[in-house]
Amino acid sequence: MHDATWLLRLYARRRLRRLARMDPQAVQRRVLSSLVRRARGTKFGRDHDFAAVRSLDDYRSRVPLRDYDAFWDAYWRVPFPHLYGCTWPGPIPWFAVSSGTATGTTKYIPVSREMRRSNVRAGADLLVRHVAARPDSRLLAGRVFMLGGSTGLVRRAPGVLSGDLSGIAAAEMPAWARLRYFPPRELEAIADWEAKIERFVERSLETEITAVAGTPSWLLIFFEQLAEIAGGKRIADIWPGLELLSHGGVAWAPYRDRFAALLEGGRAETREVYPASEGFFAVADRADGEGLRLLLDTGIFYEFVPLDRLDSANPDCRWIGDAEPGVNYALAVTTCAGLWRYLVGDTVTLVERDPPRVLVTGRTSYMLSAFGEHVIGAEVEQAVAEAARAIGATVTDFAAGSLFPAEGGARGGHLYIVEPGAEAGGSGPDAGRRARFAERLDAALCRLNDDYAAHRAGGYGMDAAKVRFLPPGAFAAWMKSRGRLGGQNKVPRIVNDPELFAALRAFADGYGKTAE
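Residues numbered from 1 in each chain as written. Predicted model: local features only at pLDDT ≥ 70, side-chain atom pairs only at ≥ 80, totals over all residues. Heavy atoms only, no water.

**Student:** So what's going on with the side chain of E303? Residues and values would help.
**Tutor:** With respect to the helices and strands, E303 occurs in strand 12 (residues 300-306). E303 has contacts with Y59, R60, C317, R318, A330, L331, A332 and R341, leaving out every residue within four places of it along the chain. (Helix = DSSP H or I, 4+ residues; strand = E, 2+ residues; numbered from the N terminus. Contact = heavy atoms within 4.5 Å.)

**Student:** Can you explain the side chain of T347? Please cite residues and give values.
**Tutor:** Along the chain, T347 turns up in strand 14 (residues 342-353). Reaching out from T347, the side chain makes a polar contact with the side chain of T361 at a distance of 2.7 Å. (Polar contact = N/O pair within 3.5 Å; in protein donor to acceptor, adjacent residues only side chain to side chain.)

**Student:** For the nonpolar core, give the residues involved together with the corresponding values.
**Tutor:** Ranked by size, the top nonpolar core spans 68 residues in total, and within it W76, Y302, F304 and W340 carry the most contacts. Ignoring any residue separated from it by four or fewer positions in sequence, one finds F304 in contact with L294, D316, C317, R318, W319, I320, A323, Y329, A330, L331, V348 and L350. Membership of the second largest hydrophobic core comes to 45 residues, among which are F182, I190, V250 and L415. (Core = buried A, V, L, I, M, F, W, Y, C linked by side-chain atoms within 4.5 Å. Buried < 20%, exposed > 50% of the residue type's maximum accessible area, 1.4 Å probe, protein only.)

**Student:** Give me the lowdown on a positive patch on the surface, citing residues and values where you can.
**Tutor:** A surface patch of like charges, here positive, comprises R13, R14, R17 and R21. Inspection of the secondary structure puts R14 in helix 1 (residues 5-21). (Patch = residues over 30% accessible without salt bridge, like charges linked within 9 Å, V, L, I, M, F, W, Y side chains within 5 Å. Areas by Shrake-Rupley, 256 points an atom, 1.4 Å probe, with all protein chains shown as cover. Salt bridge = Lys/Arg side-chain N within 4 Å of Asp/Glu carboxyl O. Lys, Arg positive; Asp, Glu negative; His and termini not counted. Charge placed at Lys NZ, Arg CZ, Asp CG, Glu CD.)

**Student:** Can you tell me about a nonpolar patch on the surface, naming the residues and giving the values?
**Tutor:** On the surface, a cluster of nonpolar side chains totalling about 290 Å² of accessible area is made up of W6, L7 and L10. Looking at the secondary structure, you find L7 in helix 1.

**Student:** Describe in detail the sheet that holds strand 19 (residues 413-420), supporting the description with residues and values.
**Tutor:** Strand order across the open sheet formed by three strands is 18-19-20, with mixed pairing between neighbours. What marks the edges here is a single partner per strand, and that holds for strand 18 (395-403) and strand 20 (466-469). Averaged over all pairs of adjacent strands, the angle between strand axes in this sheet comes to 20°, irrespective of strand direction. In terms of strand pairing, strand 19 meets strand 20 through four bridges, oriented parallel. The residue of strand 20 that forms the bridge with Y416 is V467. (Pairing = 2+ DSSP bridges. Axes fitted to C-alpha atoms, helices over the stretch in contact; angles between N-to-C directions.)

**Student:** Tell me about the packing of helix 10 (residues 193-204) against helix 11 (residues 216-229), and please be specific about residues and values.
**Tutor:** Any two packed helices are characterised by how steeply their axes cross, that is the angle between the axes, and by the distance between the axes. Relative to each other, helix 10 and helix 11 sit at 55°, their axes nearing to 10 Å. With respect to helix 11, the element helix 10 is oriented oblique. The chirality of how helix 10 crosses helix 11 is right-handed. The residues of helix 11 that touch helix 10, namely those facing W193, I197, E198, F200, V201 and S204, are W218, F222, Q225, L226 and I229. Residues of the contact of helix 10 with helix 11, tallied by class, amount to eight nonpolar, two polar and one charged. (Parallel < 35°, antiparallel > 145°, perpendicular 65-115°, else oblique. Left-handed = near helix turned anticlockwise from the far one by under 90°. Nonpolar A, V, L, I, M, F, W, Y, C, P; charged D, E, K, R; others polar.)

**Student:** For the packing of helix 17 (residues 474-481) against helix 18 (residues 498-510), give the residues involved together with the corresponding values.
**Tutor:** At a minimum axis distance of 11 Å, the contact between helix 17 and helix 18 shows a crossing angle of 125°. One way to sum up the angle between helix 17 and helix 18 is to call them oblique. Both helix 17 and helix 18 take part in a crossing whose hand is right-handed. Residues A474, F475, A477, W478 and S481 of helix 17 form the contact with helix 18, whose own contacting residues are L500, A503, L504 and F507.

What follows is the structure in structure tokens.
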């Protein structure tokens, strides 16, 4: 295959010069102004008097913060799937189907043609960052492997389709891009996830793969199956040209050590991205853990709501001009798909403001606080990673929830259901290592979160965290039982829905032999 990386380098030089000159505040003001102007004639624009909006303050005074349910009830439900001039001009040709991670509620997120172009530009920025860090890159000498969801789209009406965002992207991919894309269409069309993965593995052994992208949990399953079929070879030996692994969707910390071992001996770098059904928001432009650079000029305007003010009637919203680094914010976006001050459901902190870089800390609903402990998702992820490292293990997947006190005055606490890596063996860590895992997990949470430490002090308010280990494949089996296997589906890290957590515990009870 002809190496077209030189064309990417030319584009990267131009793009990097533009980014170096960028004034974040000026660019975001222009984006907001352009979006408001485009949508003046829509039903939403008329309802909120967009014709009179001259400033950010004008915009905020007319448009309240809304979540998906509010948009669906007020604007999308009745005309769905014909959203013509509703919250964005013209027809909406696609809907990204997104399942609420914790509850499983299906959402239909509008994807306009402008948003498709925004996502393409964001993907290009990912490649720009890679070639900037790797001057000798030959990325486009091989194929880019996207381990996404189903590419089968549902025809909702003439000219209106719905499905996984990855399926929408694949369906609209130009011919020149498909020449360097893996998998081929006939494999993408396989509906059964397990059968699809097996075919992906077989065909990828015959293909020069230079980049791979996906959710860490599903990539991990794929890589392990790839190595097994290849006779235990390292990924570096199977795909010697692999130079980029792009990951997003779930926190990287619990998987970092596992992927480092899988990629050992090769030249692949890992680079985090922040994509969502609502838009592609950020790309890592520095080392792991130093934040993801927000994409400011792709048709998305960002606002930040202090998490402790989220439920107030008039929360003190910030934007990149006045948001403070280190504060945990709920992210709200205004986009070129007709989302206006839309609460994504994610929480972020700014690492710095110019240029703005963020760390994704969890979900607005992803907080363990049944007893007032206020433990956020980022703290849970870090504690699990530290506990695994303390016993020399890795983690394939995990979920955490609250155990409420039974009658008789017993205290409540947290239960962590953990599937360790294959190196732990079929029965998991031995009793001593299980105990050390639980102790280190609890100690890490106490160090990371003062409220948790106060509730744990002397065992006054909460019992120590409990840990239950499951055999390999347990979480994949649970997701399959829920019809959520593979693609963009993610295991919920924190489960606050009592029924869903009870269902997970019941599934664990019946899944093979567990080590407790």
